[in-house]
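Residues per chain, in single letters:
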Amino acid sequence: MNLQMLGTGNAFAKKYFNTNALFYVEGRTVMLDCGITAPLSLYQLNKSFNDIDALLISHIHADHIGGIEEFAFQMKFVHKRKPLLYVPAVLVERLWEFSLKGGLLQDEFYSLDDYFEVKLLHEGAAAEIVPGFKVEPILTKHIPNKPSFSYFINESFFYSADMLFDRALLESLIERGCRVIFHDCQLSSPAAVHASIDDLLTLPEAIQEHVWLMHYDDSKDEYAGQTGRMRFVDQHRMYNFE
Ligand SMILES: Nc1ccn([C@@H]2O[C@@H]3COP(=O)(O)O[C@H]3[C@H]2O)c(=O)n1
Ligand SMILES: [Zn+2]
Ligand SMILES: [Zn+2]
């Protein structure tokens, strides 16, 4: 499985773009989250939305879903194809009603299904969304009463969406065979809706070695050498994890 981040920054980052990912698996491309900066990042990689086979989303904040209107319009009117959209069932109505409907609703096109082949995911139920790419949605804490999902991929790779520090979850994933943890972080403390670097530094080094940090702000370079055994993920770099 190859992985390339469209961006590695937080919601307000200008240098690193929004934390969104491209997974390349057996000839297919899965996008995990499509934030405001995703269209420009794809352009910089010389890619188009037509290269995306499936979109998977974590939660409803613009740095994770703000690029979907352009994705939908381009697929319908430029590429004339309906891509797969994998969305946790609990998010599907609010994704349309509270976010996308304002731009996408028009005569003849009344719902998400008019733009995407919508497939629902359920918490804790692993689903192979393209061959060789199995995702287990895990409901993780982010904003009170606002569902947000992280994904355990192929039982070996954990991708946090936006989540508060959860030591017990990370320990249980390692016990289940997780070897790579891509985790959102907040560089400064205290963190209210993410995991802070200080939180993550309380993990034993044996777990820190598996942790790659993403969703950081534009002051990231000031934190070089202050992240224990944890490494920062770089935008647009190709990573291979088997
Ligand atoms: N209760 C909240 C809600 C939001 N925020 C900030 O807004 C950002 C929205 O995108 P995010 O990536 O979830 O990070 C959130 C916080 O920076 C915050 O700090 N506290
Ligand atoms: Zn975010
Ligand atoms: Zn968020």
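Rules and cut-offs
- Residues numbered from 1 in each chain as written.
- Chains lettered and ligands numbered in written order.
- Predicted model: local features only at pLDDT ≥ 70, side-chain atom pairs only at ≥ 80, totals over all residues.
- Heavy atoms only, no water.
- UniProt positions renumbered as here; feature names shortened; annotations may be inferred.
- Helix = DSSP H or I, 4+ residues; strand = E, 2+ residues; numbered from the N terminus.
- Near = heavy atom within 4 Å.
- Polar contact = N/O pair within 3.5 Å; in protein donor to acceptor, adjacent residues only side chain to side chain.
- Areas by Shrake-Rupley, 256 points an atom, 1.4 Å probe, with all protein chains shown as cover.
- Nonpolar A, V, L, I, M, F, W, Y, C, P; charged D, E, K, R; others polar.
- Domains from an automatic or database assignment.
- Buried < 20%, exposed > 50% of the residue type's maximum accessible area, 1.4 Å probe, protein only.

A. Geometry of the UniProt feature "domain: Metallo-beta-lactamase" (unreviewed entry) in the chain. Summarizing the sequence annotation, UniProt attributes the feature "domain: Metallo-beta-lactamase" (unreviewed entry) to residues 18-215 in the numbering used throughout. Secondary structure within residues 18-215 divides into 28% helix and 26% strand; the distance between the first and last C-alpha atoms comes to 7 Å.

B. Molecular detail of the site of ligand 1. Looking at ligand 1, the residues that line it are A11, F12, H61, D63, H142, I143, D162, V193, H194 and H215. Between an oxygen atom of ligand 1 and a side-chain N or O atom of H142, the distance comes to 2.9 Å. Here H194 contributes a side-chain N or O atom positioned 3.0 Å from an oxygen atom of ligand 1. When the free accessible area of ligand 1 is taken as 420 Å², the share hidden by the protein chains comes to 61%. Within the shell around ligand 1, the residues separate by chemical class into 4 nonpolar, 4 polar and 2 charged. Each of domain 1 (1-123) and domain 2 (150-234) gives at least three residues to the shell around ligand 1.

C. Looking closely at unusual backbone geometry. Residues S189 and P190 are joined by a peptide bond in cis, for which omega reads -5°. Turning to its location among the elements, P190 is positioned in the loop between β11 (180-184) and α6 (197-200). One non-glycine residue with positive phi stands out, namely F17, at about 70°. On the accessibility criterion, F17 (10% relative accessible area) is buried.

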